[in-house]
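Observations on the three-dimensional arrangement
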Amino acid sequence: MKKVKVATGLLVASLILLIIYGADVAVSTSGVGSPSHSGFLPINKAARGGVFGGGAVIMSIIGFVITRGDPSQVIAILLIINGGIIIAGMIILIAEGSGTTRNATITISSTIGTGIVLVGLGIAKVKLDRALIERKH
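Residues numbered from 1 in each chain as written. Predicted model: local features only at pLDDT ≥ 70, side-chain atom pairs only at ≥ 80, totals over all residues. Heavy atoms only, no water.

**Examining the overall build of the protein chain**
- A tally of regular secondary structure across the protein chain gives 4 helices and 0 strands.
- Walking the protein chain from its N terminus toward its C terminus, one meets helices and strands in the order α-α-α-α.
- In terms of principal-axis extent, the alpha carbons of the protein chain reach across some 60 × 25 × 20 Å.
- Split into buried and exposed, the 137 residues of the protein chain put 34% on the buried side.
- Of the contacts made within the protein chain by residues no fewer than 6 positions apart, 73% connect residues no fewer than 24 positions apart.
- Counting only carbon and sulfur atoms, one obtains 70% of the accessible surface of the protein chain, whose full area is about 7,900 Å².
- When the 12 positive and 5 negative side-chain charges of the protein chain are each reduced to one mean point, those points stand 6 Å apart. (Helix = DSSP H or I, 4+ residues; strand = E, 2+ residues; numbered from the N terminus. Buried < 20%, exposed > 50% of the residue type's maximum accessible area, 1.4 Å probe, protein only. Contact = heavy atoms within 4.5 Å. Areas by Shrake-Rupley, 256 points an atom, 1.4 Å probe, with all protein chains shown as cover. Lys, Arg positive; Asp, Glu negative; His and termini not counted. Charge placed at Lys NZ, Arg CZ, Asp CG, Glu CD.)

Laid out in structure tokens, this is it:
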């Protein structure tokens, strides 16, 4: 049960990082902020993506891994939400026309792939949990 609490904390922290990241991107695309950072966070796009996006993904994966043997719907739901937020954010960027360069297209595509992986881990968690519960009964 302690593992589930730790994993829940990691996934909630991941969700918070993704929300902050998304809000910063929203501010940067609105034209508010300095040109060098263009959001409310005082860091450039690459650092923002690495710290907030990458950190959130890593924590989400760790949360999944440490709870593989412990059933938890909360973990599955948070994984799906975190992955869904990543995918939704990239779809919004595509709709705004941000994926017009080759590098942007590669970044957006790989980020969508990462979101799909997190959603997949959430679905896998549901299936693993069902199998664990069936074995116990």
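**A word on helix H2 (residues 45-66)**
- Between its terminal C-alpha atoms H2 stretches 30 Å, which fits the 32 Å expected from 22 residues at 1.5 Å a residue.
- At Gly54, H2 shows its maximal kink, close to 30°.
- Residues of H2 that are buried include every one of Arg48, Gly49, Phe52, Gly53, Gly55, Ala56, Val57, Met59, Ser60, Gly63 and Phe64, and no others.
- Summarising the contacts, the buried residues of H2 are in contact with helix H1 (2-30), helix H3 (73-95) and helix H4 (102-136). (Expected span 1.5 Å × (residues − 1). Bend = angle between axes of the 7 residues up to and from the residue.)

**Quick notes on the packing of H2 against H3**
- Interhelical geometry of H2 versus H3 gives an angle of 155° and a closest axis separation of 10 Å. One element, H2, and the other, H3, form an angle in the roughly antiparallel class. By crossing handedness, the relation of H2 to H3 is classed as left-handed. For the pair H2 and H3, contact is made by Val57, Ser60, Gly63 and Phe64 and by Ile75, Leu79, Asn82 and Ile86, respectively.
- Class assignment of the residues belonging to the contact of H2 with H3 gives a composition of 5 nonpolar, 3 polar and no charged. (Axes fitted to C-alpha atoms, helices over the stretch in contact; angles between N-to-C directions. Parallel < 35°, antiparallel > 145°, perpendicular 65-115°, else oblique. Left-handed = near helix turned anticlockwise from the far one by under 90°. Nonpolar A, V, L, I, M, F, W, Y, C, P; charged D, E, K, R; others polar.)

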